[in-house]
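Structural characterization, general
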Amino acid sequence: MDLQAKGIEVSRVTVAKYMKQMSLRSKLGRKFRTTTDSKHSYKIMENVLNREFKVTEPSKVWVSDITYIHTKEGFVYLTTVIDLYDRKCIGWSISDGMSAGETSLAAWKMALKNRNISKGLIFHSDRGVQYACEQFANTVDSHKKITRSMSRKGNCWDNAVAESFFKTLKTEQIYGNKLVSKAQMKMDLFEYIEIWYNRERRHSAIGNLTIQEFWNKQSNLKSAA
């Protein structure tokens, strides 16, 4: 798709042929493993989103999740908030611990800086303690325009977009590479999210466009109307 966008007519078969000649092969993902700690007594929210992953306006649905990543010095934890409208990662946090302050709240605060809240915004997550705890719930609920939504127990498909982001990131950035230090991993994740994923990567959910190309297209459509 990148080559075609540059005016170079090429097919997947041709790309595969050249990859074989250059001894290149695509990276493969791995089987999903749940990391959610849902053994708590906090209030669980209804699954309001109900797998409606296509939206027509920004800040109508934000989805969030947490994953762990191996380094030479142990785990780091990546928390993300993605707007379903353009699939942009509008908030994220990399932490050494799993407290709400380091994970869900930190990513939430970044999302608020990067994008305005619209009335009726749905914030969807799993049932993890970082999203269900009073510290996070009270912070989100203080915005009266927001509805919190949570996946059903043990059902990763209810938060498929967030899960897909992590699978893509780990396949493209993590799997097959040597373990690095925590400091290096944090730099690598910053570059992946802000330089590659949010600016240059093409997303099938928005017509194989980059996020900027998608916004340009929407602007042109509004101007034409």
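One structure accompanies this document, and this report is about it. (Residues numbered from 1 in each chain as written. Predicted model: local features only at pLDDT ≥ 70, side-chain atom pairs only at ≥ 80, totals over all residues. Heavy atoms only, no water.)

Describing the pairing of strand β4 (residues 121-125)
Condition: Summary of the burial criterion: residues with accessible area below 20% of their type's maximum are buried, those above 50% are exposed, and those between are partly exposed, where the area comes from a 1.4 Å probe applied to protein chains only. A run of DSSP states H or I qualifies as a helix once it reaches four residues; a run of E qualifies as a strand once it reaches two. Both are numbered from the N-terminal end. DSSP calls a pair of strands paired once it identifies at least 2 bridges connecting them.
In terms of burial, β4 is largely enclosed, as 5 of its 5 residues are buried. Across the two faces of β4 the burial is the same, with L121, F123 and S125 and I122 and H124 all buried. Note: strand β1 (residues 61-71) against β4, 3 bridges, orientation parallel. Pairing of W62 across the sheet is with F123, part of β4. As paired elements, β4 and strand β5 (residues 146-150) share 5 bridges and run parallel to each other. Paired with I122 across the bridge in β5 is T147.

Focus on the side chain of T103
Inclusion rule: Should any heavy atoms of two residues lie within 4.5 Å, those residues are considered in contact.
Inspection of the secondary structure assignment puts T103 in the loop between β3 (88-95) and α3 (104-114). The class of T103 is buried, set by a relative accessible area of 0%. When residues no more than four places from it in sequence are discounted, the contact partners of T103 are I66, T79, S93, S95, G97, M98 and Q130.

Considering the pattern of salt bridges
Operational definition: Salt bridges are identified by distance alone: a Lys or Arg side-chain nitrogen within 4 Å of an Asp or Glu carboxyl oxygen.
Under the counting rule described, the total for this entry stands at 10 salt bridges. Put simply, R51 and D158 hold a salt bridge, and the shortest N to O gap is 2.8 Å. Residue R51 is located in the loop between α2 (12-21) and β1, and its partner D158 is located in the loop between β5 and α6 (160-174); the two are separated by 107 residues in the primary sequence. Looking at R51, the relative accessible area reads 37%, which means it is partly exposed. Through salt bridges with shared partners, a single ionic network connects D2, R202 and E213.

Things to note about the sheet that holds β5
In plain terms, the rule: Here an axis means a line fitted to C-alpha atoms, over the contact stretch when the element is a helix, while the angle between two N-to-C directions is reported on a 0 to 180 degree scale.
Overall, mixed pairing links the 5 strands, which are arranged β3-β2-β1-β4-β5 in an open sheet. For this open sheet the edge positions go to β3 and β5, each flanked by a neighbour on one side alone. For this sheet, the mean angle separating the axes of adjacent strands, direction not counted, is 25 degrees. Along the sheet, α3 contacts β1, β2 (74-83), β3, β4 and β5; its crossing angle with β3, the most-contacted strand, is approximately 145 degrees.

Describing unusual backbone geometry
In this structure, S23 is a non-glycine residue whose phi angle is positive, near 60 degrees. Assessed through its relative accessible area of 67%, S23 is described here as exposed. In this structure, N208 takes a positive phi of about 60 degrees despite not being glycine. Overall, the relative accessible area of 29% leaves N208 in the partly exposed class.

Some points on the environment of E57
Checked against the element boundaries, E57 lands in the loop between α2 and β1. Residue E57 is classed as partly exposed on the basis of its relative accessible area, which comes to 41%.

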